[in-house]
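# Architecture at a glance
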Amino acid sequence: MKPVIETRELCRFYGAGDTLVKALDDVNIRIDPGEFTAIVGPSGSGKSTLLQQIGGLDIPNHGKVLLKDKPISEMSGKELSDFRRDHIGFIFQAYNLIPVLSAAENCEYIMLLQGIPAAERRERVLSMLAQVGLEGREDRLPGQLSGGQQQRVAVARAMVSQPDIILADEPTANLDSQTGMELLDMMHDLNRNEGMTFVFSTHDPKIMERASRLIYVEDGKVIREETRNG
Amino acid sequence: MLMLKLAFRNILRNKRRTILTMLSMFGGYVLLTLSISVQNGSYVQVIDFFTRDSTGHAQISEVGYQDKPTLYKSVPETTDFYQQLMQVDGVQRATPRIVSSALAYGETKSFPVQVIGVDVEKEARMSFLEEKVKTGQYLEVGPDSDGYYSALIGAAVARQLSLEMGDELILISQGADGSMANDLYRVVGVVGSTEGAEARNVYLPLAAAQSFFVMPEQAHYWAVLTSDYERSDQLSQRLNSWLDGDSELEAVTWKVVSKEFYETMKADVEGGYVAYYIIIFLVCIGVLNTVLMSVLERTGEFGVLKAIGTSPGRVFTLIVTETLMLAVLSCLAGLIVAMPINYYLAAVGFVLPEPMEVSGVIMSHMKGLWDVKTFMEPALIVIGSAALISLFPARRAAKIVPVDAMRSL
Ligand SMILES: Nc1ncnc2c1ncn2[C@@H]1O[C@H](COP(=O)(O)OP(=O)(O)O)[C@@H](O)[C@H]1O
Ligand SMILES: [Mg+2]
């Protein structure tokens, strides 16, 4: 099977000389379609940096990132931003949503960028919001939703753009463990039912349990990979 | 639509700041509108008065006369010519004049004067000469019982030559045939003040001037009025096409006739722009400050927007749109306030505490201008400068790097 994402000798350094930080140091990983992968490691180990590289938000110092064999590390500017819009779904730890747009409008926004006609946008948004359990809350502003609900909107937004992969950087970090688990279960359902490929980072052992594959990073290096059946 | 909604809701986010920004644009609009109204209103008044009183909106003269007025370049002054002239489209009034210099003698002294021969009746209908008679009365068409033609003299002439009503005035000059011209006239009135433009003038009935300068059935020019000085160019074009058969004669507008006056008016108008620039500058500072603040505050948000695929151009457009919306709303609010005030200014106006001289015309009462331009121009200025000012913060927002922006969250 062709991988969705592949990294080769990926390196990202910050600073120089004495203060040089190797946030990523020769990382070679591969994500296959349909995986539900967790990147785990302590704080500062390089999880966010890795997701930024995979998502085309930042440029590596060395090595490359291939999305379906296409090297994203060679794109820039508008090409890269269009690429992210069409191929990558993002869920961040916080501040995901535009505060002045309702849940539905937040999801619509990304499809607007994609140039999808209004009628289709509306239809897809409503069904997606229902799928993440937000039926009846479509017109609420982010401020009128709980933290868990806001993250669900973020998941819905990532889903409606129909990307190749959804990257979530510690999506549960700001949620209590119960809500966090529910969010993760919902993502897992989407992974199983819709076949969406997810990569998320966490340092919470309970969250890791849910992953079908684990990539352990420490000091910018992948120290271990683990596949589970479950 | 969603982008407009987004822009609109964004401007409602920080209400206090929005209100402050709008107040500065609103105030700028109202100030600009009213000052432009009064300034242009007074220029309209001055130009209107000047052209009606002195030059006409256009003049017909012999080719070359306007560049170098001489006694010898003349136009026909016949009933036939007048009737045909009045048939030309747009011509409302016309009057012939003879203009030349002479030496005036009172009892003991002499004084150089400008002699202006006017058609007594047509002149009264066209200029303000009759209204400007301070003492005495207006001209008579024909000679009095003693055979004297009447003369109106400027205040400086009256003072220099110690002339009073009923006194005799002697004029000496040269006729168009090269002969020596001299004649006696009866002073019937004094026009204007010693400072006014007519202070050194002597006005004679046309027939008197024609015989004095030996110009039978001739004048130096016809001053022509149309409905409005703004139509002067059109008027002179029509006159020229009417004159087409006559290569000796031409029509020119007041701008050519009195270049000096026209240039001073233009310079005065440009001088008035300084005040506008100051208002615009203050508005711009207010706008720049708030737009920059609102961009900086939303750095993280723009980071996320860009991360999920919003192009730099779209972020840029969003900021400019937000600013434009604010500007348009402010101008609309300004329009609501400026309209009644300007209506009052245009309809009633106000009396100046002290009369002011503008290019030789004394003004004591100022009026505003009620037209589309007066309201549109300031709106375009405010909206345009707000848009221009927003380019810098917009560029800044467009250039935000998602990773950096989100790290700062
Ligand atoms: N923009 C940056 N400038 C300097 N150092 C950075 C920057 N981004 C990340 N780092 C460093 O790189 C390392 C990895 O960071 P990060 O990927 O955020 O780790 P994690 O997400 O696992 O907590 C850390 O030591 C961090 O301080
Ligand atoms: Mg992190």
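What comes next concerns the included structure.

Definitions and limits used
- Residues numbered from 1 in each chain as written.
- Chains lettered and ligands numbered in written order.
- Predicted model: local features only at pLDDT ≥ 70, side-chain atom pairs only at ≥ 80, totals over all residues.
- Heavy atoms only, no water.
- Helix = DSSP H or I, 4+ residues; strand = E, 2+ residues; numbered from the N terminus.
- Rg over C-alpha atoms; globule rule 2.2 N^0.38 Å.
- Buried < 20%, exposed > 50% of the residue type's maximum accessible area, 1.4 Å probe, protein only.
- Contact = heavy atoms within 4.5 Å.
- Axes fitted to C-alpha atoms, helices over the stretch in contact; angles between N-to-C directions.
- Parallel < 35°, antiparallel > 145°, perpendicular 65-115°, else oblique.
- Left-handed = near helix turned anticlockwise from the far one by under 90°.
- Nonpolar A, V, L, I, M, F, W, Y, C, P; charged D, E, K, R; others polar.
- Polar contact = N/O pair within 3.5 Å; in protein donor to acceptor, adjacent residues only side chain to side chain.
- 1 Å grid on protein atoms, 1.4 Å probe; cavity = no way out; pocket = protein on both sides within 12 Å on 5 of 7 lines; lining within 4 Å.
- Points joined across faces, edges and corners; volume = space filled by probe spheres on them.
- Patch = residues over 30% accessible without salt bridge, like charges linked within 9 Å, V, L, I, M, F, W, Y side chains within 5 Å.
- Areas by Shrake-Rupley, 256 points an atom, 1.4 Å probe, with all protein chains shown as cover.
- Salt bridge = Lys/Arg side-chain N within 4 Å of Asp/Glu carboxyl O.
- Lys, Arg positive; Asp, Glu negative; His and termini not counted.
- Charge placed at Lys NZ, Arg CZ, Asp CG, Glu CD.
- Core = buried A, V, L, I, M, F, W, Y, C linked by side-chain atoms within 4.5 Å.
- Phe/Tyr/Trp six-rings, centres within 6.5 Å; stacked < 30°, edge-to-face > 60°.
- Lys NZ or Arg CZ within 6 Å of the ring centre and 35° of its normal.

## Some words on the overall build of chain A
- Per the secondary structure count, chain A includes 7 helices and 11 strands.
- The C-alpha radius of gyration computed for chain A amounts to 17 Å, which stays within 12% of the reference 17 Å derived for 230 residues, consistent with globular compactness.
- Burial analysis of chain A (230 residues in total) assigns 57% to the buried set.
- Sequence-distant contacts in chain A: of pairs separated by 6 or more residues, those separated by 24 or more amount to 69%.

## Details of the packing of helix H1 (residues 2-11) of chain B against helix H11 (residues 312-347) of chain B
Residues and elements named next belong to chain B.
- Relative orientation of the contacting elements H1 and H11 amounts to 60°, with a least axis distance of 9 Å. Comparing the axis directions of H1 and H11 gives the class oblique. Relative to H11, the crossing made by H1 is right-handed. When H1 is examined against H11, the residues Met 3, Leu 4, Leu 6, Ala 7, Phe 8, Asn 10 and Ile 11 are found in contact with a partner set consisting of Arg 314, Leu 318, Thr 321, Glu 322, Met 325, Leu 326 and Leu 329.
- The residue inventory of the contact of H1 with H11, partitioned by class, reads 10 nonpolar, 2 polar and 2 charged.

## Thoughts on the side chain of Asn191(A)
Residues and elements named next belong to chain A.
- Relative to the assigned elements, Asn 191 resides in helix H6 (residues 177-194).
- For Asn 191, the side chain forms a polar contact with the main-chain oxygen of Glu 35, separated by 3.3 Å.
- Setting aside its immediate chain neighbours within four residues, Asn 191 contacts Gly 34, Glu 35, Phe 36, Met 196, Thr 197 and Phe 198.

## With respect to the environment of Ser73(A)
All names here are of chain A.
- Among the secondary structure elements, Ser 73 is positioned in the loop between strand E6 (70-71) and helix H2 (77-87).
- Judged by its relative accessible area of 19%, Ser 73 is buried.
- When the C-alpha positions of Ser 73 and Phe 92 are compared, they lie 21 Å apart, and in sequence the two are 19 residues distant.
- With near-sequence residues (within four places) excluded, Ser 73 lies in contact with Pro 60, Gly 63, Lys 64 and Val 65.

## A short note on H1(B)
- Of all the positions in H1(B), only Leu2(B), Met3(B), Leu6(B), Ala7(B), Asn10(B) and Ile11(B) are classed as buried.
- Along its buried surface, H1(B) packs onto helix H3 (103-114) of chain A together with helix H2 (15-55) and H11 of chain B.

## Regarding empty space enclosed by the protein
All names here are of chain A.
- One pass over the full model with this rule turns up 1 cavity of 30 Å³ or more.
- There is about 50 Å³ of room inside the largest cavity.
- Lining the largest cavity are Gln 53, Gly 56, Asp 58, Ile 59, Pro 60, Val 65, Ile 72, Ser 73, Met 75 and Leu 80.
- Classifying every residue of the lining of the largest cavity by side-chain character gives 6 nonpolar, 3 polar and 1 charged.

## Observations regarding a negative patch on the surface
- On the surface, Asp228(B), Glu230(B), Asp371(B) and Glu377(B) cluster together into a negatively charged patch.
- Relative accessible area serves as the criterion here: at 31%, Asp371(B) is assigned to the partly exposed category.

## Let's talk about a nonpolar patch on the surface
Residues and elements named next belong to chain B.
- Residues Phe 8, Leu 12, Val 328, Leu 329 and Leu 332 make up a contiguous nonpolar surface patch of about 390 Å² in total accessible area.
- The dominant element in the nonpolar patch, judged by the number of residues it contributes, is H11, at 3 residues.
- Position of Phe 8 relative to the elements: it lies in helix H1.

## Brief notes about the nonpolar core
- Counting 130 residues, the largest nonpolar core has Tyr109(A), Leu129(A), Ile165(A), Met187(A), Phe200(A) and Phe302(B) as the members making the most contacts within it.
- Among the elements that make up this core, the one with the highest residue count is H2(B) (11 residues).
- Excluding anything up to four places from it in sequence, Phe302(B) contacts Val295(B), Val315(B), Leu318(B), Ile319(B), Ala397(B) and Ile400(B).
- In this structure, Ile60(B), Leu85(B), Ala209(B) and Leu235(B) belong to the second largest nonpolar core, which totals 45 residues.

## Some points on the packing of aromatic side chains
- Throughout the structure, instances matching the rule amount to 18 aromatic pairs over all chains.
- Considering the side-chain rings of Phe49(B) and Phe128(B), the 4.8 Å spacing of their centres and the 10° angle between planes classify their relative orientation as stacked. Here the residue Phe49(B) occupies a position in helix H2, and Phe128(B) occupies one in the loop between helix H4 (120-126) and strand E5 (133-136), the gap between them amounting to 79 residues.
- When its relative accessible area of 26% is taken as the criterion, Phe128(B) is described as partly exposed.
- Put simply, the rings of Phe50(B), Tyr229(B), Trp254(B), Phe261(B) and Tyr262(B) pair up and form one aromatic cluster.
- Note that Arg224(A) overlies the ring of Tyr216(A), its terminal NZ or CZ placed 4.0 Å from the centroid.
- Its guanidinium or amino end placed over the ring of Tyr82(B), Lys122(B) lies 4.2 Å from that ring's centre, counting from NZ or CZ.

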